[in-house]
Amino acid sequence: FNDATGLADWVSRTRAGLTEGRFPARAFNDVDVHALEQERLFAKAWCFLAHESEIPSPGDYVTRKIGNNNLIVARDEHGVIHANLNMCRHRGNVMCKSEMGNASHFRCSYHGWTYKNSGELVGVPYMKEGYEGRLKRKDWGLVAVRVDTYEGLVFGCLDPEGPSLAEYLGGFQFYLDLYLKHGLGGVEVHGPPDHWVADTDWKICAENFAGDGYHTPVAHQWGFHLGYFPSSGTTHSQGWAASIPGKGHGIGLGHGPGYPAFSGFPDQVVAGMKEAMSPEQVAVFSQIRTAVGTVFPNLSFLMQPFSLVPGDPGVRFVTMRLYHPAGPGRMEMYSWCLVPKDAPEDYKAEAYRAYTLAFGQAGTFEQDDFENWTKVTASAGSGLVRDLDFPYIMGMESEPVPEFPGPGHVVRPYVNDTNFRNMWSRWGDYLAGEA
Ligand code: FES
Ligand code: FE
């Protein structure tokens with residue numbers, strides 16, 4: 001774009017195009033769009049940081065990012081979770097260089113300023129001789145970021161103003177519970193996340209996981225044919241696409257006709273789900289084989305069965321993933337396996353194995369997806385392609401499903417662009433500064 005006006009015009013044309021079911025390729029790989037997302041979207045939205053089970057004990061921390069800001073997410077000695085900018089207030093050095101660990105304090109490797117894990121500045125070398133009483137420690141703590149949680153998910157927001165997390169999620173909690181309420185103890189991460197970089201735009205993945213049931217029978221067809229994925233091209237289009245209008249969140253709920261309710265989970269977990277979820281949730285979720293959803297902008301979940309031995313009934317696993325924008329057309333990926341906290345250990349191990357075979361850096365389904373996503377990203381950044389639009393017209397006329405027990409806009413079939421139009425419309429609101 002030649003200037004800010006050119007970019008603003010493009011954003012407004014993009015928003016208008018969405019109402020007609022078009023979205024531009026350029027959105028998926030462009031240096032100016034990436035910069036605008038940093039400033040208007042990631043600096044404003046609630047973004048996922050960590051799962052509470054990653055930092056269960058006092059002093060536990062992980063380092064994460066929101067946009068181009070590095071953060072330390074730590075649990076203090078009172079059990080309170082803090083997110084602070086991972087930057088020393090003295091000259092801006094990175095405070096903590098590990099991805100995870102346990103520490104009561106962080107000491108800067110440059111001049112030695114020392115902070116509690118809650119962010120307070122407590123140690124300054126040559127305090128008396130150098131600063132002669134002019135430096136007030138309480139004024140120079142680490143910069144705190146707003147933190148809130150939902151069912152173990154820790155989110156941060158760089159904007160000190162704006163909606164609460166509950167308002168931001170806007171009813172999507174109903175669907176998130178499908179992945180999180182696997183018993184009264186909830187879920188926990190099974191080991192550290194898989195973490196890698198890819199030449200892929202974060203939006204391609206976030207869109208795919210907002211309910212792209214369309215790609216599954218093609219991109220992952222081998223899974224049906226070889227008996228690893230108990231589904232088929234015919235049944236795969238059945239189900240619902242649910243989105244929260246004006247919020248950007250969306251989920252594809254793949255119906256499993258003839259697929260036994262909650263199969264692939266041990267009885268103990270099923271009993272726990274029924275206890276932890278509402279009757280409305282149980283009524284919907286017991287019919288679901290695969291559920292794939294995105295919390296706008298870049299946190300996604302997937303629950304699906306995967307057969308450890310071809311032809312066997314699948315083991316149901318849950319993965320949670322974060323698509324961190326690392327640059328135009330570049331992404332840092334985090335992928336976790338979530339397991340019910342109270343489940344038998346052998347199920348946890350099986351679910352992790354099923355997850356690892358399908359997803360994570362070396363997962364078979366993951367390879368299928370990234371092969372496509374990196375190519376889409378490369379196309380979107382190329383000369384002629386960048387001025388083209390893609391069609392987002394599936395389900396433009398779909399009527400909402402009457403009397404669906406869950407919130408939001410729910411349409412049929414599962415193969416549908418409705419969730420994506422809602423998502424990119426919310427993205428347009430942020431980029432236009434109107435969110
Ligand atoms: Fe951290 Fe100087 S930059 S103490
Ligand atoms: Fe896929």
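Residues numbered from 1 in each chain as written. Chains lettered and ligands numbered in written order. Predicted model: local features only at pLDDT ≥ 70, side-chain atom pairs only at ≥ 80, totals over all residues.

A. Looking closely at the domain arrangement of the chain. Per the domain assignment, the segments of the chain are domain 1 (47–157) and domain 2 (171–431). One C-alpha centre belongs to domain 1, the other to domain 2; they are set 33 Å apart. Taken residue by residue, the interface counts nine residues in domain 1 and 13 residues in domain 2. Here the side of domain 1 that touches domain 2 is built from residues that sort into three nonpolar, three polar and three charged. (Domains from an automatic or database assignment. Contact = placed C-beta atoms within 7 Å. Nonpolar A, V, L, I, M, F, W, Y, C, P; charged D, E, K, R; others polar.)

B. Just the UniProt feature "domain: Rieske" (unreviewed entry) in the chain, in detail. Following the UniProt record, the feature "domain: Rieske" (unreviewed entry) maps to residues 46–156 here. Between the C-alpha atoms that bound residues 46–156 the distance is 6 Å, and the span itself is 5% helix and 42% strand. (UniProt positions renumbered as here; feature names shortened; annotations may be inferred. Helix = DSSP H or I, 4+ residues; strand = E, 2+ residues; numbered from the N terminus.)

C. Spotlight on the sheet that holds strand S6 (residues 100–102). Here seven strands make up an open sheet; going across it, the order is S2-S11-S10-S5-S4-S3-S6 and the pairing antiparallel. With partners counted over all chains shown, the strands left at the sheet margins are strand S2 (47–51) and S6, one partner each. The mean inter-strand angle of the sheet, taken between neighbouring strand axes irrespective of direction, is 30°. (Pairing = 2+ DSSP bridges. Axes fitted to C-alpha atoms, helices over the stretch in contact; angles between N-to-C directions.)

D. Region of the structure containing unusual backbone geometry. Look at the link from Phe 296 to Pro 297: it is a cis peptide, with omega at 5°. Positionally, Pro 297 belongs in the loop between strand S16 (288–295) and strand S17 (299–306). A cis amide bond, omega -10°, links Arg 412 with the succeeding residue Pro 413. By the element assignment, Pro 413 lies in the loop between strand S21 (409–411) and helix H13 (418–431).

E. Representation of the sheet that holds strand S8 (residues 114–116) in the model. Strand order in this open sheet of three strands is S7-S8-S9, and the pairing throughout is antiparallel. The outermost strands of the open sheet, each flanked by one partner alone, are strand S7 (105–107) and strand S9 (121–123). The average undirected angle you get between the axes of adjacent strands in this sheet is 35°. Sheet topology note: the S8/S9 ladder contains two bridges and is antiparallel. Across the sheet, residue Tyr 115 finds its bridge partner in S9, namely Leu 121.

F. Layout of helix H11 (residues 345–358). With 14 residues, H11 extends 20 Å from end C-alpha to end C-alpha; this agrees with the ideal 20 Å at 1.5 Å per step. Burial in H11 covers these residues: Glu 350, Ala 351, Ala 354, Tyr 355, Thr 356 and Ala 358. Along its buried surface, H11 packs onto S17, strand S18 (315–327), strand S19 (330–340) and helix H12 (364–380). One or two positions beyond H11, positive phi appears at Gly 360, with a value near 85°. (Expected span 1.5 Å × (residues − 1). Buried ≥ 20, exposed ≤ 12 C-beta atoms within 10 Å, placed from the backbone.)

G. Just helix H2 (residues 31–42), in detail. The end-to-end C-alpha distance of H2 is 15 Å, a good match for the 16 Å that 12 residues give at a rise of 1.5 Å each. The set of residues buried in H2 consists of Val 33, His 34, Leu 36, Glu 37, Leu 41 and Phe 42. Take H2 and look down its axis: the buried residues cluster within an arc of 165°, on one side only. Contact partners of the buried residues in H2: helix H1 (4–19), S2, strand S3 (60–66), S18 and H13. (Arc of directions from axis to C-beta.)

H. Quick look at the packing of H1 against H13. Between H1 and H13, whose axes approach to 10 Å, the crossing angle comes to 155°. In terms of axis orientation, H1 runs roughly antiparallel to H13. When you trace H1 past H13, the crossing you get is left-handed. Side by side, H1 and H13 meet where Val 11, Thr 14, Arg 15 and Leu 18 of the first sit next to Arg 421, Trp 424, Ser 425, Gly 428 and Leu 431 of the second. For the contact of H1 with H13, the class distribution of residues is four nonpolar, three polar and two charged. (Parallel < 35°, antiparallel > 145°, perpendicular 65-115°, else oblique. Left-handed = near helix turned anticlockwise from the far one by under 90°.)

I. Fine view of the packing of H2 against H13. Their axes nearest at 8 Å, the elements H2 and H13 cross at an angle of 90°. Classified by the angle between their axes, H2 and H13 sit roughly perpendicular to one another. Counted together, Leu 36, Glu 37, Arg 40 and Leu 41 of H2 and Trp 427, Tyr 430 and Leu 431 of H13 form the full contact between these two elements. Split by residue class, the contact of H2 with H13 holds five nonpolar, no polar and two charged.

J. Layout of the environment of Gly 6. Counting through the fold element by element, Gly 6 comes out in helix H1. Its 11 C-beta neighbours within 10 Å are what place Gly 6 among the exposed residues.

K. Local environment of the pairing of S2. Counted residue by residue, S2 has five buried out of five residues, so it is predominantly covered. As defined by bridge partners, S2 adjoins strand S11 (residues 153–157) across four bridges and the pair is classed as antiparallel. Bridging from a neighbouring strand, Phe 48 pairs with Phe 155 of S11.

L. Molecular detail of the confidence of the model for the chain. When the pLDDT values of the chain are averaged, the result is 96; 100% of them are 70 or greater. Predicted complex, confidence summary: ipTM 0.98, pTM 0.97. (pLDDT = per-residue confidence, 0-100.)

M. Local environment of the environment of Arg 134. As for its position among the elements, Arg 134 is in the loop between helix H3 (127–131) and strand S10 (144–150). Of the residues examined, Arg 134 has 6 C-beta atoms within 10 Å and is grouped as exposed. Sequence spacing of Arg 134 and Leu 388 is 254 residues, and the spatial spacing of their C-alpha atoms is 59 Å.

N. Here's a closer look at the pairing of S19. Counted residue by residue, S19 has nine buried out of 11 residues, so it is predominantly covered. Sheet topology note: the strand S13 (residues 194–198)/S19 ladder contains five bridges and is antiparallel. Directly across from Trp 196, in S19, lies its bridge partner Met 333. Sheet analysis places S18 next to S19, joined by nine bridges and oriented antiparallel. Paired with Met 320 across the bridge in S19 is Trp 336. Taken together, S18 and the strand that follows it, S19, pair antiparallel across an intervening segment of two residues, in which Gly 329 is found at a positive phi of about 70°.

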